[in-house]
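Chain by chain, the residues run as shown.
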Amino acid sequence: MAGNADWVAAAETDPELACPTSAVVDIVFSRWTTPILWTLNRHGRQRFVELQRRIGTITPKVLTQRLRQLERDGMVVRTYHPEVPPRVEYEISELGRSLAPLFAHLAEWAAGNLDKVEQARHDYDTDPPE
C-alpha cells in the first residue's frame with residue numbers, strides 16, 4: 001500500500017507518471033511509426049528498400065532511425081540473412097500487431113470527427129480569438 005501512496009505522491013509532481021499513456025504516445029505516434037507499422041502489417045515482411053518505396057516520402061536516415069527504435073521497443077523484428085550480398089528484412093512483431101485495435105479505433109474516430117476538426121480550424125482562422 002505504501003508503494004501506491006508513493007506513486008500517487010510522485011504523480012502529483014511528475015506529468016509522466018500522472019499520464020501513463022504518454023509513454024505509449026511517444027512510442028506509437030511519432031511521425032513515421034504509424035506508416036511503418038501499417039505498411040509492415042499490410043504487406044508483411046519487407047526489405048529496407050521495399051519498405052521505403054511503399055512509404056514514399058521517408059528518407060533513408062529517418063527510416064533507419066525509426067526501424068531501430070521500433071526494434072528496440074519490440075514493435076518490429078529485424079532478420080539478418082548472412083548471404084552475399086547480405087539481406088535484411090523487417091516485419092511487424094506480435095506486440096506491434098497488438099496495436100491494430102487501437103489504430104482501428106483511431107481510424108473510426110478520424111472518419112467521424114476530422115470534418116469537425118477542419119470546421120473548428122476554419123472557424124478559428126476566420127475569426128481568431130483576441
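Our subject is the structure listed above.
Residues numbered from 1 in each chain as written. Predicted model: local features only at pLDDT ≥ 70, side-chain atom pairs only at ≥ 80, totals over all residues. Heavy atoms only, no water.

Focus on the overall build of the protein
Logical step 1: Helix and strand content of the protein: eight helices and three strands.
Logical step 2: Secondary structure of the protein in N-to-C order comes out as α-α-α-α-β-α-α-β-β-α-α.
Logical step 3: The burial tally for the protein puts 21% of its 130 residues in the buried class.
Logical step 4: As presented, the protein carries roughly 9,400 Å² of accessible surface, and 57% of it is formed by carbon and sulfur atoms. (Helix = DSSP H or I, 4+ residues; strand = E, 2+ residues; numbered from the N terminus. Buried < 20%, exposed > 50% of the residue type's maximum accessible area, 1.4 Å probe, protein only. Areas by Shrake-Rupley, 256 points an atom, 1.4 Å probe, with all protein chains shown as cover.)

Observations concerning a nonpolar patch on the surface
Logical step 1: On the surface, V25, F29, L102 and L106 cluster together into a nonpolar patch covering about 290 Å² of accessible area.
Logical step 2: Along the polypeptide, V25 turns up in helix 3 (residues 22–28).
Logical step 3: What makes V25 partly exposed here is its relative accessible area of 40%. (Patch = residues over 30% accessible without salt bridge, like charges linked within 9 Å, V, L, I, M, F, W, Y side chains within 5 Å. Salt bridge = Lys/Arg side-chain N within 4 Å of Asp/Glu carboxyl O.)

Some thoughts on helix 6 (residues 60–72)
Logical step 1: For helix 6, with 13 residues, the first-to-last C-alpha span of 18 Å sits near the 18 Å given by 1.5 Å per residue.
Logical step 2: Turning to helix 6, its buried residues number three or more, namely L63, R66, L67 and L70. Buried residues of helix 6, seen end-on, are gathered within an arc of 100 degrees and therefore sit on one face of the element. Among the exposed residues of helix 6, those oriented more than 90 degrees off its buried face are K61, R68 and R72.
Logical step 3: Buried-residue contacts for helix 6 involve helix 3, helix 4 (33–43), helix 5 (48–55), strand 2 (76–81) and strand 3 (87–92). (Expected span 1.5 Å × (residues − 1). Arc of directions from axis to C-beta. Contact = heavy atoms within 4.5 Å.)

Read these as spatial facts, not as claims about activity.
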